[in-house]
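Understanding the architecture of this molecule
Residue-level listing of the chains:
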Amino acid sequence: MRPDNIYAPFFKSITNISLASGCAVGSESRTHKCVTNVGHVQAGRSNQSPIKLKPKDLQPPSATVSSPEKQESKVSAGQYRGKGKRMLKSMLGCCKVYVSESRNRIALESIERAAKLFPEAPIINKFEDETYNRVGYTLVSKLALEPSSDPSPLRVAVLSMVKAALESIDLELHFGSHPRLGVVDHICFHPLLSSSLDQAAAIAKSLAADVGNTLQVPTFLYGAAHEEGRTLDAIRRELGYFKPNSSGNQWAGGLKSETLTLKPDEGPTQVTQAKGVIVIGATRWVDNYNVPVFSTDISAVRRIARRVSGRAGGLPSVQAMALAHGETIIEVACNLLDPNKVGGDKVQLEVEKLAKEEGMDVGKGYYTDLSQEKIIESYCKLGSFM
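Everything quoted here is computed from the prediction, not taken from an experiment. Throughout, a residue's number is its position along its own chain's written sequence, starting from 1. Where local features are concerned, this predicted model is filtered to residues with pLDDT of at least 70; where side-chain atom pairs are given and counted, the filter is 80 or more; whole-chain, interface and lining totals use all residues. Think of the side-chain values as coming from all heavy atoms in the structure, minus any hydrogens and water.

Where helix H6 (residues 298–308) contacts helix H7 (residues 344–357), the two axes come as close as 10 Å, and the packing angle between them is 140°. What the angle tells us is that H6 and H7 run oblique. The two elements H6 and H7 meet at a crossing, and its hand is right-handed. Facing H6, whose interface residues are Ile304, Arg307 and Val308, H7 presents Glu350, Val351, Leu354, Ala355 and Glu357. For the contact of H6 with H7, the residue count by class is five nonpolar, no polar and three charged. Structural elements are reduced to axes, namely lines fitted to C-alpha atoms, with helices fitted over the stretch in contact, and the angle between N-to-C directions of any two is expressed from 0 to 180 degrees. Numbering of helices and strands runs from the N terminus; a helix is a DSSP stretch of H or I covering at least four residues, while a strand is a stretch of E covering at least two. For this classification, under 35 degrees means roughly parallel, over 145 means roughly antiparallel, 65 to 115 means roughly perpendicular, and everything else is oblique. The handedness criterion is simple: a crossing whose near helix is rotated anticlockwise from the far helix by less than a right angle is left-handed, and one whose near helix is rotated clockwise is right-handed. Any pair of residues with heavy atoms lying within 4.5 Å of one another is described as a contacting pair. Here the nonpolar group is Ala, Val, Leu, Ile, Met, Phe, Trp, Tyr, Cys and Pro; Asp, Glu, Lys and Arg are the charged ones; every other residue, Gly included, is treated as polar.

Following this line, the structure appears as structure tokens:
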């Protein structure tokens, strides 16, 4: 095993967090960039016809390299003081939005500008990967104690981002080594602190109705947002998500058929190639942890990924797949569905063991988002949102 993180030589620190000025803190590499608390940006003009939403849909509510540390899923009440301690009694919702683009700066600026229209649901973290051509945003907001006629800040902020993404990105022009089903590939809601999974699911279902019916994108629900608890990977397998459609283990362009093999929960049954489909769900906390393997043998690394995955009898609650990441690295990309039981440290050791059997070297893995603890802490520091 190579002892050092392979991306470390390319990292540079960015300091001085400033939500208003757009400064950021974190690290970035040639292929990965994590930016905490995305600031205001100016959007460029879109070359696509704008999607019109009704005023009520976007009405503001009233008034980035990932951390290598072990991810924590529970927050002690003694960790924060003052406002932070009071926040622990609050109900917070977290939403992760995955967009199939990281190279088009104008598109990303447009998406981030759309989010800034709703400051009660700030972007807490942003993770970009230029090789995968994918970006992940993490947003947080308070949740109402009781159902309300007022729109959820988290829902309207994410809806605004989805609208901006669909206007500025054409999936038919997309190319990268990460699988995807749509311009906005995946959206997941997680409860934080004292909020419930039912609350997260209600927001997910409401957003899915907006996306499907207003923006006219086929939308699939999973987890607690689906009446039968359908899983994310079940939808992806049915729609051919895991099969590269271009040479070199790449994904290019939109879905190859306008007819879906699975009926959407919301929206049209036909796919627009430039938009694709969206999968929206609600679950307990999930971590993403990727381990780089120094190899060009995709078949061998796929064997490793299968043996790591719980589905094939590997680590329980772990989903893993092999993804090419540049010319000399293939990553074992993992979803950790129960990170309290199986975290990145166990995945790292398992990949190292299996890679050794294949005669391969392994680099230090990385998380693609902050831990729950860090996300809540970052939100608490934004005093204007308390």
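Further remarks concern the confidence of the model for the protein. pLDDT is a per-residue confidence score from the predictor, ranging from 0 to 100. The pLDDT averaged across the protein works out to 82; a share of 75% of its residues lies at or above 70. In this model, residues 1–31 is a region of pLDDT below 50 whose contacts with residues beyond four sequence positions or in other chains number 76 contacts.

Now for the nonpolar core. The tendency in soluble globular proteins is for nonpolar side chains to be buried side by side. Judged by nonpolar contacts, the single largest core of 47 residues is most densely connected at Tyr137, Ile187, Phe189 and Ile280. Every element with two or more residues in this core is listed here: strand S4 (91–99), helix H2 (105–115), strand S6 (134–142), helix H3 (153–168), strand S8 (184–193), helix H4 (197–214) and strand S11 (278–282). Ranked by residues supplied to this core, first place goes to H3 with ten residues. Residues contacting Phe189, with those up to four places away along its chain left out, are Cys94, Cys95, Leu154, Ala200, Ile203, Ala204, Leu207, Ile280, Gly281, Ala282 and Thr283. Think of a nonpolar core as a cluster: buried Ala, Val, Leu, Ile, Met, Phe, Trp, Tyr and Cys residues, connected wherever their side-chain atoms sit within 4.5 Å. The classification of residues rests on relative accessible area computed with a 1.4 Å probe and restricted to protein chains. Under 20% of the type maximum is buried, over 50% is exposed, and intermediate values are partly exposed. Listed in part, the 25 residues of the second largest apolar core include Ile298, Leu315, Val332 and Cys334.

A few words now on the packing of aromatic side chains. Two aromatic rings are characterised by how far apart their centres lie and by the angle between their planes. Pairing of aromatic side chains here covers Phe, Tyr and the six-membered ring of Trp, requires ring centres within 6.5 Å, and sorts the geometry by plane angle: under 30 degrees stacked, over 60 edge-to-face, intermediate tilted. Evaluation of the coordinates by the stated rule reveals three aromatic pairs. Centre to centre, the rings of Tyr241 and Phe242 are 5.0 Å apart; their planes meet at 85°, and the pair counts as edge-to-face. Given a relative accessible area of 28%, Phe242 falls into the partly exposed group. The criterion for a charge sitting over a ring is simple: Lys NZ or Arg CZ within 6 Å of the ring centre, and within 35 degrees of the ring normal. It is Arg236 that lies over the ring of Tyr241; its NZ or CZ is 4.2 Å from the centre.

The residue Ser195 is located in the loop between S8 and H4 in this model. Of note is the side chain of Ser195, whose polar atom sits 2.7 Å from the backbone oxygen of Leu192. Once residues lying within four places of it in the same chain are set aside, the contact partners of Ser195 are Met91, Leu92 and Leu143. What qualifies as a polar contact is a pair of N or O atoms within 3.5 Å, subject to a donor-acceptor requirement within protein and to the restriction that residues adjacent in sequence count only when both atoms come from side chains.

Here we come to the pairing of S8. Buried residues dominate S8, accounting for nine of its ten residues. Strand direction decides the pairing type here: S4 and S8, joined by nine bridges, are antiparallel. Bridging from a neighbouring strand, Lys96 pairs with Cys188 of S8. By the bridge criterion, four bridges tie S8 to S11 in an arrangement that is parallel. Directly across from Cys188, in S11, lies its bridge partner Gly281. Pairing between strands is defined by DSSP: at least two bridges between the two strands are required.

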